[in-house]
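Breakdown of the fold
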Amino acid sequence: MSAPNTMKPKAIVLTGYGLNCDYETDYSLKLAGAESYRIHINEVISGEMGGRKISLEDYHILVFGGGFSWADDHGAGVLMASKLRQHLGKQIERFVRDGKLVLGICNGFQCLVNLGLIPAFDSQYRERNVALTYNDSGNFIDTWVNLKINPGSPCVFTQGLSTLELPVRHGEGKFYAAAEDIDRLFENGQVVLQYADENGQEAHGQWPLNPNGSLQDIAGICDPTGRIFGLMPHPEGFNHYTNHPDWTKKKEALTRQGEEIMPGEGEGIRILRNAVEYIRTAF
Amino acid sequence: MVSRLEIRLKKELMDAEGAGIRQKSREYFGFEVDAIRVIRVLTLDMELKPDQLEQIRNEIFTNPVTEESSYSPMATGFDWLIWIGFRPGVRDTAGSTAREAIEDLLGIESKQDQAVYTSKLYEIRGQLSEKQIKKIAGDLLANDIVQQWKVFSGYEWDKDKGIGFPVPKVILDHEPEVSTISIQSDEELGRISLERNLALQNRDIPVIRRYFLREDILKERKTVGLDLPTDVELEYISQARSDHCNHNTFRGLFRYHDLLTGNRETVDNLFKSCIEAPTLKIKEEKDWVTSVLWDNAGVGRFDDDHYYVITGETHNSPSNMEAYGGAITGIVGIYRDPMGTGKGSRLILGMYGYCVGHREYEGELTPHLHPRRLLDGVIEGVRDGGNKSGIPTPYGLLFFDESYVGKCLVFVTALGIMPATIGHASSHKKTTSPGELIIMAGGRVGKDGIHGVTAASETYSEHTPAGHVQIGDPYTQKKMHDFLIEARDEELITFITDNGGGGLSSSIGESARFSNGARVDLDRVPLKYEGLDQWEIWVSESQERMTIAVKPEHLDRFMALSAKHAVESTVIGEYNDSGYLQLDYKGKTCAYIRMDLLESDFPQWEFDAQWTPPDMRGLTEPVISEPEDHGPLLKAILSRPNICARNWIARQYDHEVQGSSVVKPLVGKGRDIPTDAAVVRPVLGSNRGIAVSQTLNPSYSEIDTYHMTGATIDEAVRKTLAVGGDPNHLGGLDNFCWPTIEYHPANNPDGKYKAAQLVRANWALRDYCLGYGIPLLSGKDSMYIDGNLEGPYGERRKISGPPTLMFTVSSVIEDINRCVTMDAKFPGDLVYVLGETRNECGASEYYQMMGAVGLNVPTVDVEALWPQYLALHGAIQAGLVSSCHAVSKGGLAVHSAMVAMGGELGMELLLPLIPGFSGLTVGQALYSESCGRFVITVAPGKKDVFEKIFSGMKIGRAGVVTESPRFSVKDGREKAIIDEDVNELKHVWKKPFGELI
C-alpha cells in the first residue's frame, strides 16, 4: 500500500473590485486540503504581491468566486471578464493548457462564460456561446436548491457525486443559450449540474426548484476537458453542516437514535476535495 | 464628441425587468400594459474613434448570446417610450465602471470632465393615455429628486434622432469664495442663520457671538488673517451642535410632571442617567464588555482573539424623500461605522427594520411617496446595499402603522469583527497624535448631502431641501473596506473614522480632539466637479469616505495598498497639538476655531414633560364577550399585516454570504417561518457564534411608553435566548425614533406629553438594562418623526409617528452546535408553555382587531422571569430542547400555531395547563401578549430531566406535537375551541403578501 498523497495543491482565490466570497472560499479550499491564498486581481496582473513575485504558473487551482465584480452593472461578470481577458487572457489559457483547474462560482461562473473559458466548444477558449441573464422572477433570490449531477460528465469536480444540496444567491443566474448549443452541451456531457427536486429529478423549470428560469434547469457546466467548471450554486456556502437549513432537525433526529452528529464539514467541500485529489493525481 | 450606445435583450428573451414593471403598473394603478421592454443607454462623453466605439460595443457592452446593440436608436414598434436618466451630480456607479472598463480596454486615460452616463428607455406597448404613461414614469419608475424623465409617443418619435444625447454633467461655473458673517446682534445672526439654512440653535447664538467677540480670540484670529466668523466656521459649529451629532434632546433637562400624583421631578440628561450610567455599571460587572459609549460602534469580546462590533441607526428623512436612495445610503452608511470602530473591523452582518404606512393605504392625505412604493424602494435599496457589500442580511422587521405615513422609519444595523490585537496593541483603542497625516479615502466630494444632518433634525415639509438625498455606492465602499482591512493588519492605521453626518467637519473635528488640533488644506480634497465653496467641501456628506490618521513613515505603503485596491486616498492635512482647528484654502486660512469651543457651556436644551397616565386619558379595557368562533378568529389574526408572512423580503437579501450562516431568517420544514434570532459563525472553523434579534412594539406606546420599552427589551432578550443565546452575554442597542417633543402651542400642542413619553421610555431602558444586565453597546436617537401632509382641501395635517424603540440584543454563543430553531421537530414531542399568561391584552393585535386599545399593557417583572431564563438556557445547553419560540405579538394562539406551522406538524394544546390560566377568559389566554413566555417542545424521553430543571417555576406541559397536521386547542371541555388544518393556517398566514417576489 502506498502512503496517502499529502501534496498540497496551491490555489488562488481572486479578490478585489467587489468580489466577496473570498474568505469562505479560501477556508473551504483549505478544509479540502489545498494551500489556498486570497490574492487581489491587480496582484495577479502585476505579478507582484507585497514585494514578492507571483505567477499563475506556481498554482494549480484558480478560483473565480462570488460577488459583484465591478458592481455588475453592465451584466454580471462582464467587466471582470473584459479586464481579465485584457491582462491575463494568455496566462489563463496557458494555465488551462498545463492541465490545471479553473472554478467559477456564481459571479465567477458569469465571468467564465463571458471570458469564453466555458463551454469552449472545439476548445475555442475565447468564444461566448452561453449566457447567464436576469432571473425570470426579476429579482435576486437566496434559497437552497437540490442539484442533479451528471455522472457522464468529464467534470473533475463532481466525480463520484450524484446529488447535492447547495445555496444559490443571485439575480442573474438564468442559463441561456441557443437551442443547438444546449443540445451540444448535453451531447458532450458538459452539463454538469441541473436544478432538481428532492428526489433528484430535474425541476423542469418549476420555481423555486429552478430558482431563475435556467433553460433545461442548467445550474453548472464544464469545458470539454472537465477541468474548467462554472456553477451558480455556492459550494463554499455549505462548508459546515450548520449551514444547511435543516440541520437542527437532522441533529435532533440523530440524537434520538443515540447517535451524535459529528461537528463536520458541509457537503459543498466535496467539490473542492475532488479538485484537490485530481491535482494530487495529475501533478 | 458624444456617442450614445443602446443595448437591449434579444427579442426571444424574456425581459424580466419589463415584466416586473408591467405587474407593478397593474398593482399600483390598475393599468393594463401589453408589454414593456427595457433598453439600456450609455451616453459616452469621451473622445473615441469609430473603431474604438465598435471595439467597446462588441468586447464589453454587448453579450452576443443575449443582447443586441447599436449607436443608432433601437426603440421600435412601441406606443410610448419613457426615458429616465439621473439628474446632474447624482452618483452614477454604472457610468463610472463603464468608463473604467473603456479606459482599460483601449489603454487610454480620459480627462476629468469626460464621463459615461447611464440611462434607460422603456418601450411600452398598450392602449394607455399620455396621462397614464406619465403616471408610470413619474410615480413608478422615476423619482424626480434624483432622476429626470421624458415621454415620447409612437407618433412623434424621430427614429433617426432618438432621444438625443443626454449628458447630465454638473457645470457650476462658480468661483469658490469664503464669506464672512456679521454678528452685530443675536437677532441678526439668527436671521442670517435662517437665510443661509445654517440651522443654528437660537439658544446657542449668544455663546457663538461671545466667542467671536472675545478680545483674545480676535487677537489670535488676526494672526491668521481672520476677523468676523466665516461661513466655513459657522457651518462647522452648526453641524457639531446639531441634534443629530450632539444628541441635545437626550442630553437635555426635562421638567417631568405627573398629572395624576402631582409629583414633579427634574431629569437632567437622559443619556447620562439612563444610558451611560447603567452601561458603565454593567461594564464593571461583565468583562466581555470592551469599549462602549465613545466610538462609532460598541465593542464586545467574541473570543480571546476577536472582538465583535455593533451599531445601528436610522435613515428616515432621506428614505421618506427617495426610498431607494435613502435606504441604500442608510445601509451602506451604517457599514462604515464598524469599519471606523477601533482600528477598523470587517463587516459580518446587517439587519433592517421598516416602519411604514399600510401598503394598501387609501387615506385622504397625500404622503410624499405612497407607502407601497416607499416600501418597495426601501426594500430594494437595502437589498442592493447589503448584497453588493458581500455582507449577510439574515434578520429584519417590518411594521405597519397608519401614522408612519408622516415619516417612514428605516432602521439599519451592522456588526463587524476584528482581531483583538493589531501588532501588539489592542484593536479597540485608537488616537491621533501631532504629526500624523489626515487622509481621506474612498469617494470624492460633491454637493450631495449638504445640510443632511440639519435636515434630519427638522420636521419634513414641502420646503425640506431635497439635495440631501444620495444614492449609496456599495461597490466603491467594498473596495475601500478590503483596502482598509489590509492597511489595518499591516499596522498602518493609527486612527480611523467614517465620514457620515457632517462629513469632514465631523470626522476631522472629532478626531482632532485626541491630538488637540489639526490643519487641513481644503483645496487638496478631491472633488467630483469644480466650483464647490469651501464650506461645502467641509460639510458635504458625499458618501463612501473614511478619514484615517497615518504616520508619515507609513504613507508610501498606505498609498501603495490604496492603489492596489483601486481606491483613491489623499493627504489633506495633518494633526497637531495647537489647540486649534485650522482650515486653509490655497494657502489662505478660512477657519480658525479653538478645539475647546465645542466643549464650552452651550445652554442645555430644556423640555416640559407632562405625564397623563392612561386611565386619566380615558383608556379602559374594552367590553368584548367571549368569541364563539376561535378558529376563524385565529385565521384573521394570522393574516393581519403585522403578523402575516413577509418572506419576500428575506428571500431577496443574501443572508448566507461569508459562509457563516447557522440560523437563517426563515426556518422550519418549509423554510418559511421567521426565526426568533439569527445566528452566524463569523470566525470560520470556530464553534462560537453570534446571535442577534430585534424587536419593536410601538403599539404599546399608546398606553405607556415605560411598558412599551420593557416589553420590547424583554422580547428581544427572549428571542435571543430562544435560539441558544447566553443570558450572561446580552448586548443591547437602543434606537429611538420619537415625534417632536418640544412644546409649541400651535405646532406641537401635545409636545409635553410626548416629552414625558420619552422620559418614561428612558426610565424603563435604565431599569430593564440593569435588571437583565444589558450594557448598551451602542444606540442612536432620531427625533422629529412627524410629517405635514397635504389633505384634500388644500390643508396640511401634521401626522406624528408613534414613539418607537427598536431594541437589538446580541449574544455570543459558545457552541453553535447547541443552537435550536423554533419549528416543532417530531410528532409525540411534548409542548411546554414557560411563563405566565396574564390579563394583558392592552394594545394587542387582538384588541386592535376589535377596534380597541385597552388598558392592560404587558408588564415585565425581571426578578420573576430571570430564573426561568437561566433555566431555559441550561436546558438548551443540556440538549433537552427540541424547539423553542418566544411568544410575542398575537399571543399564545398565534405563536404556538407558528411552532406547528414551522414543523408542518399538528399540535394539541390544553389551555387549562398553561401557567396563569385560572382567572383568564379563553380569549385572554389565547391572545394576551404577556411577556416572559416561550413555547418549547421536548422529546418525551427527556421529560423528567427537563421538568426537573424548571421545578417550582411557571411552566406547564400543555400539549403534544401530532403527526396529523391539525392545530387543536381545548379549554377543558371535550370539544376543541380551535381545530384547524396547519397547512390551511399557513396558507392564510402567507396569503396577504404571497404574490410578492
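Within every chain, residues take consecutive numbers counted from 1 along the sequence as written. Going through the entries in the order they are written, you letter the chains from A and number the ligands from 1. Two thresholds apply to this predicted model, a pLDDT of at least 70 for residue-level local features and 80 or more for giving and counting side-chain atom pairs, whereas whole-chain, interface and lining totals are computed over all residues. Only heavy atoms go into the side-chain values, all of them from the structure, while hydrogens and water stay out.

1. Overview of the overall build of chain B
Within chain B one finds 28 helices and 41 strands. With respect to the principal axes defined by its C-alpha atoms, chain B has extents near 85 × 75 × 65 Å. Between buried and exposed lies partly exposed: a residue is buried under 20% and exposed over 50% of the maximum accessible area for its type, with that area taken using a 1.4 Å probe on protein chains only. When burial is assessed residue by residue, chain B has 66% of its 997 residues classed as buried. Contact between two residues is taken to exist if any of their heavy atoms lie within 4.5 Å; hydrogens are not considered. In chain B, once contacts between residues fewer than 6 apart in sequence are set aside, the share between residues at least 24 apart is 82%. Strands here mean DSSP runs of E at least two residues long; helices mean DSSP runs of H or I at least four residues long; both are numbered from the N terminus.

2. Some thoughts on helix α1 (residues 16-29) of chain B
Residue and element names in this part refer to chain B. In this scheme, a helix's expected span is set at 1.5 Å multiplied by one less than its residue total. With 14 residues, α1 ought to run about 20 Å at 1.5 Å a step, and its terminal C-alpha atoms sit 20 Å apart, in line with that. Buried within α1 we find A16, G18, I21, S25 and Y28. Taken together, the buried residues of α1 touch β2 (35-45), β5 (115-125), α4 (130-141) and α13 (371-387). Of the residues that open α1, the one with a side-chain oxygen 3.3 Å from the backbone nitrogen of E17 is D15. Just downstream of α1, G30 is the residue with a positive phi angle, here 75°. The term polar contact refers here to a pair of N or O atoms within 3.5 Å; inside protein, the definition further demands a hydrogen-donor-capable atom paired with an acceptor-capable atom, and it admits residues adjacent in sequence only when both atoms are side-chain atoms.

3. Focus on the sheet that holds strand β40 (residues 966-970) of chain B
Residue and element names in this part refer to chain B. Strand pairing follows a simple DSSP-based rule, namely that at least 2 bridges must link the two strands. Spatially, the 7 strands line up as an open sheet ordered β36-β38-β35-β39-β37-β40-β41, and their pairing is mixed. At either margin of the open sheet sits one strand with a lone partner, and together these are β36 (883-886) and β41 (978-981). Each neighbouring strand pair of the sheet contributes to a mean axis angle of 15°, computed without reference to strand direction. Inspection of the sheet shows strand β35 (residues 830-834) paired to strand β38 (residues 934-938) by 5 bridges, in the antiparallel sense. Residue pairing across strands places V833 opposite V935, the latter belonging to β38. Only the stretch in contact is used when a helix axis is fitted, and all axes are lines through C-alpha atoms; the angle between N-to-C directions ranges over 0 to 180 degrees. Where helix α21 (residues 705-722) meets the sheet, it contacts β36 and β38, and its direction lies at approximately 170° from that of β36. Its contacts with the sheet put helix α24 (residues 862-877) on β35, β36 and β38, and the angle it makes with β38 is roughly 30°.

4. A short note on the interface of chain B and chain A
Contacts between the two partners involve 73 residues from chain B and, on the opposite side, 66 residues from chain A. Note on terms: buried area is the combined drop in 1.4 Å-probe accessible area of two parts once they are placed together, counting the loss on both. Summing both sides of the interface, chain B and chain A together bury roughly 5800 Å²; the carbon and sulfur share of this comes to 52%. Each salt bridge in this description consists of a side-chain nitrogen of Lys or Arg and a carboxyl oxygen of Asp or Glu lying within 4 Å of one another. Where chain B packs against chain A, one counts 8 salt bridges. One salt bridge in this structure joins R671(B) and E165(A), with 3.6 Å as the shortest N-O distance. Counting every contact that joins chain B to chain A gives 35 residue pairs in polar contact (both at pLDDT 80 or more). Of all elements in the fold, only β2, α2 (50-61), α3 (93-106), α13, α15 (474-489), α18 (555-564) and β25 (661-663) of chain B reach the threshold of two or more residues within the side of chain B that touches chain A.

5. A short note on the sheet that holds strand β8 (residues 264-268) of chain B
Residue and element names in this part refer to chain B. The sheet built from 3 strands is open, its strands ordered β8-β7-β24 with mixed pairing. Looking at the sheet topology across the chains shown, the edges are occupied by β8 and β24 (606-611). On average, adjacent strands in this sheet sit at an angle of 20° to one another, irrespective of strand direction. In terms of strand pairing, strand β7 (residues 253-258) meets β24 through 6 bridges, oriented parallel. Looking at β24, one finds that F254 is bridged to F607. Along the sheet, helix α22 (residues 751-772) makes contact with β7, β8 and β24, crossing β24 at roughly 85°.

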